[in-house]
Amino acid sequence: MRGWTGAAVAVVMLVCAWFVSGATPDGERRLEDPFIVPAAVSTSVEGRNLGIEVTSLVLADRVSTGGWWAEGTFLVVELDAWAVRTESPAALSVANLVIGDDTYSASERPGDYDDDASLAGRGLFLEHPLAGAIVFELPADVATAHGTLRLALSGEVADSVIVVPVDFAGLEHRAEQALPDVAWANP
Amino acid sequence: MFDRYPERVDTPNGAPDAGATGADKTVLSGPFARLRKASDRVPTKWFATIGTTLFVVVTAAFGGLNAVAAVDEPVPTIATGVVHESAQLNITVQRAVLIDSLRGAGAFPDRDKGERLLVLLVEIENRWHAPASGSMFAGLLEPTYHRNVVIDGMGTVADGIVREDDQTLNPTLQPRVPAVLAFSWVVPADAYRDGQTLTVLLKDAELLEGQMLFHGEYWSAPEPAARAQVTIEDVGAGASQ
């Protein structure tokens, strides 16, 4: 008789679990959802351990730093970035631009030539924001699109993601943009 | 009554005698009683035979143990400068150069061992909606392109992959932003010669959907999809390159 009671309880629990998983949207995937922190240009925002202030967005046909240059279509994002709670770990590892279904990652090319030319992947510090640039290499037809800039520490899994809308039609379009060196924002 | 499974007394012809059957009826009850009674009547030795027969029949039904004949899909041959299109990448082989050494190529021939560099200039456009990594250390499910261009007959991944314009090593290819890359292999000096037709094997990956242990889409290991032919130019020490 005790065996039957155990089996009945097990069945009841399975049915309950079925209802719970049915009521959970998208099941386990939502466990990984990022915490979105909306931001805008010239607005300072903070997530769990990432503070960002985007200072300017510029479209450029040519970007350069030191002896390096590249031609194409580039979005140059100038920003200040800092850590909020801890410096270890704190690095701006995720810098993506999402346009429609396409995801573009921050170009490694300027940073490959000169580490100081790119803030992407750089370690961040408490209280002392770093100022620098992140560059995205894009297709030429992007100039009329809308996109979102997504900045995070180490992946978009269950952590703050700072999201900045980018309206390409409203951006200043320059023929050439020199990239600033990474430096302290308030020396 | 402790004896739930009373010992059956089998008659010499294998059938249980009437008395034992009567005892079973009183002791066993519940939904599995009939099944248990039925299986009790099957001699244990038969199970091995039944199992083996089932295995053989099922195997035969699926075509037996012979290897499935590999389907040889003909791989088309294309000329230099022709775009090879696939769902993940558009690949165009532009030029093949034999050179003593090339600074920034990411591959280092040892002149004392008689080694030279075979450099392939290839334009690749990433058609997928996420960046494609050039790194050999890319994650298992990360889209990559470094295995999609190999020399036919050699098969190894290039020793160095750099952008042709600024020599960025293993560059990431952004969606719909084509780039000319230099794939370099260290080769013995006498393996290739000027004017020889080189066959480049271009491979396509297949988009797969995560099934059980993970979700999302990823690209499979690339398989041969086209052979591009290109004439090798020997530029000697590389002054003209």
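Residues numbered from 1 in each chain as written. Chains lettered and ligands numbered in written order. Predicted model: local features only at pLDDT ≥ 70, side-chain atom pairs only at ≥ 80, totals over all residues. Heavy atoms only, no water.

Moving on: the overall build of chain B. If you tally the helices and strands in chain B, you get 3 helices and 11 strands. Listed by position from the N terminus, the elements making up chain B come as α-α-α-β-β-β-β-β-β-β-β-β-β-β. Burial status across chain B gives 36% buried among its 241 residues. Residue pairs at least 24 apart in sequence account for 68% of intrachain contacts in chain B once pairs closer than 6 positions are excluded. As displayed, chain B offers around 14,700 Å² of accessible surface, 56% of which is attributable to carbon and sulfur atoms. (Helix = DSSP H or I, 4+ residues; strand = E, 2+ residues; numbered from the N terminus. Buried < 20%, exposed > 50% of the residue type's maximum accessible area, 1.4 Å probe, protein only. Contact = heavy atoms within 4.5 Å. Areas by Shrake-Rupley, 256 points an atom, 1.4 Å probe, with all protein chains shown as cover.)

What follows concerns the overall build of chain A. From N to C terminus, chain A includes 2 helices and 12 strands. Tracing chain A from N to C terminus, the helices and strands come up as α-β-β-β-β-β-β-α-β-β-β-β-β-β. Taking 16 Å as the expected radius of gyration for a compact globule of 187 residues, we find that chain A reaches 22 Å, considerably beyond that expectation. Taking the principal axes of its C-alpha atoms as reference, chain A extends roughly 85 × 40 × 30 Å. Of the roughly 9,700 Å² of accessible surface on chain A, 57% is carried by carbon and sulfur atoms. (Rg over C-alpha atoms; globule rule 2.2 N^0.38 Å.)

Residue and element names in this part refer to chain A. Strand order across the open sheet formed by 5 strands is 1-9-8-5-6, with mixed pairing between neighbours. The outermost strands of the open sheet, each flanked by one partner alone, are strand 1 (35–38) and strand 6 (102–105). Going from strand to strand, the sheet's axes swing by 30° on average, the running direction of each strand aside. Across 6 bridges, the pairing between strand 8 (residues 146–152) and strand 9 (residues 160–167) is antiparallel. Along strand 9, the bridge assignment pairs R150 with V163. (Pairing = 2+ DSSP bridges. Axes fitted to C-alpha atoms, helices over the stretch in contact; angles between N-to-C directions.)

An ideal rise of 1.5 Å per residue puts 32 Å on 22 residues; helix 1 (residues 2–23) of chain A measures up with 32 Å between its terminal C-alpha atoms. Taken across its 22 residues, helix 1 of chain A has 0 buried, putting it largely on the surface. (Expected span 1.5 Å × (residues − 1).)

What follows deals with the nonpolar core. By size, the foremost hydrophobic cluster in this structure holds 37 residues, and its most contacted members are I52(A), L92(A), L97(A), I134(A), F136(A), L151(A) and F168(A). Of all the secondary-structure elements, those providing two or more residues to this core are strand 3 (51–65), strand 4 (68–82), strand 5 (94–99), strand 7 (130–138), strand 8 and strand 9 of chain A. Membership of the second largest hydrophobic core comes to 30 residues, among which are V122(B), I151(B), A158(B) and F183(B). (Core = buried A, V, L, I, M, F, W, Y, C linked by side-chain atoms within 4.5 Å.)

Here we come to a nonpolar patch on the surface. A cluster of nonpolar side chains, L140(B), L141(B), M212(B), L213(B) and F214(B), forms an exposed patch at the surface whose accessible area comes to about 660 Å². Counting through the fold element by element, L213(B) comes out in the loop between strand 9 (207–209) and strand 10 (217–219). (Patch = residues over 30% accessible without salt bridge, like charges linked within 9 Å, V, L, I, M, F, W, Y side chains within 5 Å. Salt bridge = Lys/Arg side-chain N within 4 Å of Asp/Glu carboxyl O.)

This part is about the interface of chain B and chain A. Counting residues at the interface gives 16 residues for chain B and 16 residues for chain A. For the pairing of chain B and chain A, the buried interface totals around 1,400 Å² over both sides, and the portion due to carbon and sulfur atoms is 43%. It is Q174(B), R176(B) and H215(B) in chain B that bury the most area against chain A; as a group they hold 35% of the surface buried on that side. In this structure, the connection of chain B to chain A is made through 5 salt bridges. Across the salt bridge formed by E137(A) and R163(B), the nearest N and O atoms sit 3.9 Å from each other. For the pair chain B and chain A, the number of links is 7 residue pairs in polar contact (both at pLDDT 80 or more). Classifying every residue of the side of chain B that touches chain A by side-chain character gives 6 nonpolar, 6 polar and 4 charged. (Buried area = accessible area lost by both parts, 1.4 Å probe. Polar contact = N/O pair within 3.5 Å; in protein donor to acceptor, adjacent residues only side chain to side chain. Nonpolar A, V, L, I, M, F, W, Y, C, P; charged D, E, K, R; others polar.)

Residues and elements named next belong to chain A. Pairing geometry for strand 2 (residues 44–46) and strand 3, over 3 bridges, is antiparallel. Looking at strand 3, one finds that S44 is bridged to E53. Turn length for the strand 2-strand 3 hairpin, with the two strands adjacent in sequence and antiparallel, is 4 residues. In the sheet, strand 3 pairs with strand 4 via 13 bridges, with the strands oriented antiparallel. Counted as the bridge partner of A60 is F74 from strand 4. In the sheet, strand 3 pairs with strand 10 (residues 172–174) via 3 bridges, with the strands oriented parallel. Residue pairing in the sheet places L59 in a bridge with H173 of strand 10. Strand direction decides the pairing type here: strand 3 and strand 11 (residues 177–178), joined by 2 bridges, are parallel. Pairing of S64 across the sheet is with A178, part of strand 11.

This next bit is on the side chain of R163(B). By the secondary structure assignment, R163(B) is in strand 6 (residues 160–163). A polar contact is formed between the side chain of R163(B) and the side chain of D165(B), at a distance of 2.9 Å. In contact with R163(B), not counting residues within four places along its chain, are R109(A), E137(A), T168(B), P171(B), A179(B), V180(B) and L181(B).

All names here are of chain A. By domain assignment, chain A separates into domain 1 (1–32) and domain 2 (33–184). For domain 1 and domain 2, the distance between their C-alpha centroids amounts to 44 Å. Listed by partner, the interface residues are 4 residues for domain 1 and 5 residues for domain 2. In this assembly, domain 1 and domain 2 are joined by 0 salt bridges. (Domains from an automatic or database assignment.)

A word on the packing of aromatic side chains. All names here are of chain B. Enumeration over the complete set of coordinates arrives at 4 aromatic pairs over all chains. With centroids separated by 5.2 Å and ring planes inclined at 85°, the aromatic side chains of W128 and W219 adopt a geometry described as edge-to-face. Here W219 lies in strand 10 and W128 lies in the loop between strand 4 (115–126) and strand 5 (149–151), a separation of 91 residues in the sequence. Like W219, W128 is buried. (Phe/Tyr/Trp six-rings, centres within 6.5 Å; stacked < 30°, edge-to-face > 60°.)

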